[in-house]
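Remarks on the overall topology
This is what each chain is made of:
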Amino acid sequence: TIVSTTLKPCSKNWMNIWKQLISVPLGGASWILNAILLVAILSNRRLRSKREYWLTMALAFADFAEGIASFIGAVYRLPFYYSETACNVYTTPLQCMILPHNIIWRWSDTATAFMLVATALDRLIAITYPTFYVVKGSRVAIGMIVFVYGISVFCLLYAWIMPIQLQIKGVKLQAVCGTGGLIDKVYTQVIKYLTGAMSAFSVLIHLLVAYKMQRMAAMTNFGEKPKISKRELKFTITSLIKGLCTLILDSSTRIYGVYAMVEEQITGVNPESSGVGSFLFAFNKLNGVLNVFVYAGGQKEVRKAILSLIGLGHLVICSED
């Protein structure tokens, strides 16, 4: 007896398809550029010995991880969303969780936002307590990196609770392995709100740093000697520019993205893709992409290190570039 089975065609969700098409170049650019920034600092003994660059490297690594997860995840998911039959392919929750991008995402999602706060706090301490920063700055920087990375590991492990429960129950999931249905919805919303809040908090800290720098400039005009070195001051200005990029490209997209995602899930508008809400999350990769340009543009020594790394060191023609 010959039994013929006809699979019902999947309805293509163009919102999901466009999200993946955007995530491929943005995620790819983010991990490549942050890898260049990271290697350029690590390969330069003078740069890697400066404590202010430790947090820069930690942030670059978090953005590198987020970028590569977005790139791999988009490349993996795109064929499923575009196919007319892949919606009928199922797998287990744990097989979804062990996919490289799902593992990296659970860590990098919190690491990127919390590292933005850590870098902002580093500048606030350097400006407000310069003597303390000279003596204890290294320990403070290492402590913040360990704390942020530790919190991110905890979030990574916590995200496994629901997939393990689903695995025990014998639940099968679509092989596209989307976050919905795999990761606890309450946990997802809390993490999105928390990372959005941390991103916005980093901007507020940068605003406080800008105010203190303005006060310092006023004191200098009255003949008082500045308490912070010119090198630290210049690096702080670069950090402020990074904060402005964070406000425009990360904080706003995260916070509005969460609001739109939750609203669309409540109203039932396009729930399988979370509509415009999750679509906006693809654009915060631009903040990671700009890392190399912000630090290379603001810091001559970083610019020289990057140009030397990619074989363009001859473009540095004078001390002022």
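Quick notes on the rules
Residues numbered from 1 in each chain as written. Predicted model: local features only at pLDDT ≥ 70, side-chain atom pairs only at ≥ 80, totals over all residues. Heavy atoms only, no water. Axes fitted to C-alpha atoms, helices over the stretch in contact; angles between N-to-C directions. Helix = DSSP H or I, 4+ residues; strand = E, 2+ residues; numbered from the N terminus. Parallel < 35°, antiparallel > 145°, perpendicular 65-115°, else oblique. Contact = heavy atoms within 4.5 Å. Salt bridge = Lys/Arg side-chain N within 4 Å of Asp/Glu carboxyl O. Buried < 20%, exposed > 50% of the residue type's maximum accessible area, 1.4 Å probe, protein only. UniProt positions renumbered as here; feature names shortened; annotations may be inferred.

Where helix H12 (residues 291-298) contacts helix H13 (residues 300-309), the axes come no closer than 5 Å and their chain directions differ by 120°. When the axis of H12 is compared with that of H13, the two are oblique. Contacts between H12 and H13 pair Val 292, Tyr 295, Ala 296, Gly 297 and Gly 298 from the former with Lys 300, Val 302, Arg 303 and Ile 306 from the latter.

Moving on, we get to the pattern of salt bridges. In total, this model carries five salt bridges according to the counting rule given. Between Asp 109 and Lys 192 there is a salt bridge, and its shortest N-O distance comes to 3.5 Å. Remark: Lys 192 occurs in helix H8 (residues 185-221) and Asp 109 occurs in helix H5 (residues 100-128); sequence separation between them is 83 residues. This pair shows no difference in class: Asp 109 is buried, exactly as Lys 192 is. Residues participating in the shared-partner salt-bridge network are Arg 46, Lys 50 and Glu 301.

The next subject is the UniProt feature "transmembrane region" (unreviewed entry) in the protein. Using the residue numbers shown here, the UniProt feature "transmembrane region" (unreviewed entry) corresponds to residues 21-42, 54-76, 113-135, 142-161 and 190-211. For residues 21-42, the helix share is 100%, the strand share is 0%, and the end-to-end C-alpha distance is 32 Å. Between the end C-alpha atoms of residues 142-161 there is a gap of 30 Å, over a span that is 90% helix and 0% strand.

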